[in-house]
Amino acid sequence: MLKKTFFPGNADPSGLSFPDMNCNLMAISRQPRAITKEVRKAIKLAREFNETVVRPNALDMDRKIHEDPDYLPWEWVREANRQGFYTMWIPKMFGGKGYSFTSIAYFLEEISTCCVGMANLIGVHYLGFATLIAAWNLALTRRISLEVIKGEKTDTPCLLDFAITEPGSGTDTSEADLADKGNLACHAARENGGYRVNGTKIFISNAHFSTWHLVLGYEDIKKPSDTFLFFAVRKDASGFSLGRKERKMGQKACPASELILRDCFVPDEQVCVDQRQTANLSTSHRDIYQIIFDSICSSSKAGVCSMGAGISRGVYEEVLRFASNTRINGSLMMNLEWVQCRLADMLRNVAVSRLMYAEINFANGMFGLNKMLQIKPLYYLFRYLPIKVVQVLSAPMTRFPVFQKIVRKMQFDWKKREELERTTGWASMAKFTGSDLAVENCRIGLSLMGQTGTRHENRVEKFFRDSKLLQIYEGTNQLNRLEAFKSLIGRNRYDIQMFEDR
Amino acid sequence: MNQTEKNEYKLLYSTSREFSQKVLLPYREENDRYPFAGLDQTVFEKAYSMDFFHLWLPESMGGLEGDIGKLCTVLLNIAEIDASMAMVLLTNAMAQEIMIQAGEMDRLSEIYSRNGSLKYALIAFPSFLNPLEMTPELMAVEKENGVRLSGLSKGMVMGSMAENMIVFARFPEDPDSSCFLIAASQETVRIGDPVISLGLHACPTVDIDFNETPGILIGERGRASEYYGNMYGRLVLAGAAIAAGIMRGSFTDALKYSQSRIQGGKKIAEWSEVQLLLANMALKVRNAEMLIEYAGAKSGKDAIHDSIAASIPVLDHACDVASDGIQILGGYGYMEDYSQEKRYRDAQHLQSLFGISCLKKIQYVKSCYKLA
């Protein structure tokens, strides 16, 4: 049974209420106009990066990793670090450049038109960062952010990743209801001053590049959602090691690896959130598990949708080029009606994916993780003040625990359920739409190009291999459909059962 | 079907399954790896010793007299394990059939009478190029000492291994292209590196550059499209059999995994959304098997028409099934250690067999107009 233990909502259970379906209209007057400028700037930077680094090397990199599956594209990570992409979306209060999270989706779409693996080398870093933000541990966020910023200045990239999947549990981890029935094994035993952790995480994107790993563990593996904790492990921690690098079908530039924790001690200062930190809140620890997860995923799934839009666009552009230069029985392909209709389908798929991630961006700005930083006075204050001044002004927030308590009260106890459900539902719909359409565009592209499309040098076969992973990570598309149902359709209906199939 | 034929089918079925499981399976992962240079020699030799390269030939040359049903049985079983090997055999059959259609039985017989060497049993062919759709880049010129070919022939399947190859080339003055038989071991033949391709990695494909290369005209000048069209009608079902093999392999592995993987406290096979995915896969696999069996048993005028009608949807469904096969395994399905991702690539690659898939559909409906 779907548990409804925190604030009851009064939203229309059909998922068709005005605020559910019109996040864009609601954002018109409330979203700072300067975000549009930030989006334009982010797109411009991405295009320059594509022209100089990604597009000229994407196929070679893919081939190189075909040849040597253990190869790690450090040159791309270093170049992204030099360009400042790893601090661009860190808020100014933590020392970053403070771009709005909205603009990262547009940035990732651009990069994905050339190589979604490269997009992930940047995007996954912010998935780790979103974990810190969603747990609202301001002191730890500041500490890690400063290390990322130092890494940029010293040309030694400091990346973050997000480690939840285990050998026996993939789908289980993202829903409290499933986690409690699941086979979770990353155990964190309480000790004086911290936790002693044992467990294995798999398929962790960017792990071989990351300095900090944001890990999900459980004090009692029989009651995971009631005893969960997020913690940060540094790559040089005793008891921590990297296991094998997976051999993936696509997205080869972005490594997926195994993390091994054997009696790894995690001091309290590196715990993002645990039972002790939420004990004084009225929301249960179990519900906080779901709030944190949904907040992280509402951001990251917008990213997956935008990467899907990027692949859809990349394929569309290649097919357009092919159809403009190829003749069939003497006729230019572009002049054949069936080709024209397929190209229209492909363009539609690009447009729909973009609209979907734009809408979840609006939802996140109005109701989700970006809400606080998009309140107009706060946004403009942070935007126009120099980073150092913002840091001085916000220093008390990150240093004094009372501020953290207030923020957590706001984010966990005062969080409106319908707002969380709206962002979760839209994020899930965006994720499965963007990824399904990316795969569809690849299939249309290959069916139009025939043998030419199957050759590596023509890029479409790489897009095809890359796109499939979008339907799997950040929850399989099957799970995302269930989450959309739960958040937008099944809410407030007490006769609805989730994850109770018989 | 009489008892002798039944026994032949049974024998072919068991031989091909045994070959797949015992010979092909151990090499599958290794064969799929970069630089996509082809199957392990042991596999080739074994297939040759089992007469798999002769299947499509007339009985007088040790074959099965062009029995499509029998060829499909073998290809389906082999493709269930590795579609690349099945594609190698089909390519050989396609080249043989072009020679049969061109009435070059003596030349074909000459090739297969050279004793004992695998190299001579292989005939390279551009299996994914349809001369009915696109004009070949290769040009032919009549000279005093015979025909000379110059230019590039792209996507020659097995071009790096075979001693003989059949190519399409065009005389500048002809509206249609012609077929030529070329010996690979000539100085004017420059064979490129293996093409990096989406799938069928162990079925090596290369681009071949010809420079004033002597070629033997196969059949009559300017009739390549006709020979190709007839060959397509005779062998299209064999492509569908490879697709069905991929589907069967994908479904078998997905079913097995779903009965052992536990999520949400129970086997994923017990969740109804997973059951629906598996059901869609199972139905498509069985439909494919039935279509191939039905069309394969047909003879006469309708046989070609029905073979095409059966094959096109099977090739499409193979892509759906292979995609769902990955989805059932989740992250594991995307990894090269499992065979699902390979099947996904192979199925999509196979869709371009005999040319662009949408054009094949349009061609089919045009043939319906004619019948009507």
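Residues numbered from 1 in each chain as written. Chains lettered and ligands numbered in written order. Predicted model: local features only at pLDDT ≥ 70, side-chain atom pairs only at ≥ 80, totals over all residues.

Draft legend 1. Local environment of the overall build of chain B. Per the secondary structure count, chain B includes twelve helices and ten strands. Against the compact-globule benchmark of 21 Å for 372 residues, chain B has a radius of gyration of 21 Å, which places it among compact chains. (Helix = DSSP H or I, 4+ residues; strand = E, 2+ residues; numbered from the N terminus. Rg over C-alpha atoms; globule rule 2.2 N^0.38 Å.)

Draft legend 2. Focus on the nonpolar core. Counting 276 residues, the largest nonpolar core has Leu75(B), Ile242(B) and Ala243(B) as the members making the most contacts within it. No other element matches helix α8 (residues 224–258) of chain B, which puts 19 residues into this core. (Core = buried A, V, L, I, M, F, W, Y, C linked by C-beta atoms within 7 Å. Buried ≥ 20, exposed ≤ 12 C-beta atoms within 10 Å, placed from the backbone.)

Draft legend 3. Region of the structure containing the pairing of strand β5 (residues 228–234) of chain A. Residues and elements named next belong to chain A. Summarising burial for β5: six of the seven residues are buried, a large majority. Of the pairings in the sheet, the one linking strand β4 (residues 210–218) to β5 comprises seven bridges and is antiparallel in character. Its bridge partner being in β5, Val215 is matched across the sheet by Phe231. Bridging between β5 and strand β8 (residues 271–273) involves two bridges; their strand directions are antiparallel. Across the sheet, Phe230 pairs through a bridge with Val273, a residue of β8. (Pairing = 2+ DSSP bridges.)

Draft legend 4. Structural context of unusual backbone geometry. Of note, the bond from Tyr34(B) into Pro35(B) is cis; its omega dihedral lies within 30 degrees of zero at 10°. Assignment of secondary structure puts Pro35(B) in the loop between α2 (28–31) and α3 (41–49). A positive phi angle, close to 70°, is found at Asn206(A), a residue other than glycine. Relative to the assigned elements, Asn206(A) resides in the loop between β3 (194–205) and β4. Judged by the 24 C-beta atoms lying within 10 Å of it, Asn206(A) falls in the buried class.

Draft legend 5. Main features of the domain arrangement of chain B. All names here are of chain B. Segmentation of chain B into domains returns domain 1 (3–121), domain 2 (124–220) and domain 3 (225–371). Averaged C-alpha coordinates put domain 1 and domain 3 at centres separated by 21 Å. Those elements that place two or more of their residues in the side of domain 1 that touches domain 3 are α4 (68–81) and α5 (83–101). Broken down by element, the residue count for the side of domain 1 that touches domain 3 peaks at eleven residues, all from α4. Its residues assigned to classes, the side of domain 1 that touches domain 3 shows 16 nonpolar, four polar and four charged. (Domains from an automatic or database assignment. Nonpolar A, V, L, I, M, F, W, Y, C, P; charged D, E, K, R; others polar.)

Draft legend 6. Inspection of the sheet that holds strand β7 (residues 205–214) of chain B at higher detail. Residues and elements named next belong to chain B. Across the sheet, four strands lie side by side as β2-β3-β7-β6; this open sheet has antiparallel pairing. The sheet terminates laterally at β2 (139–143) and β6 (189–194), the two strands that pair on one side only. Each neighbouring strand pair of the sheet contributes to a mean axis angle of 10°, computed without reference to strand direction. By the bridge criterion, five bridges tie β2 to strand β3 (residues 146–157) in an arrangement that is antiparallel. Counterpart to Lys143 in the pairing with β3 is Gly146. (Axes fitted to C-alpha atoms, helices over the stretch in contact; angles between N-to-C directions.)

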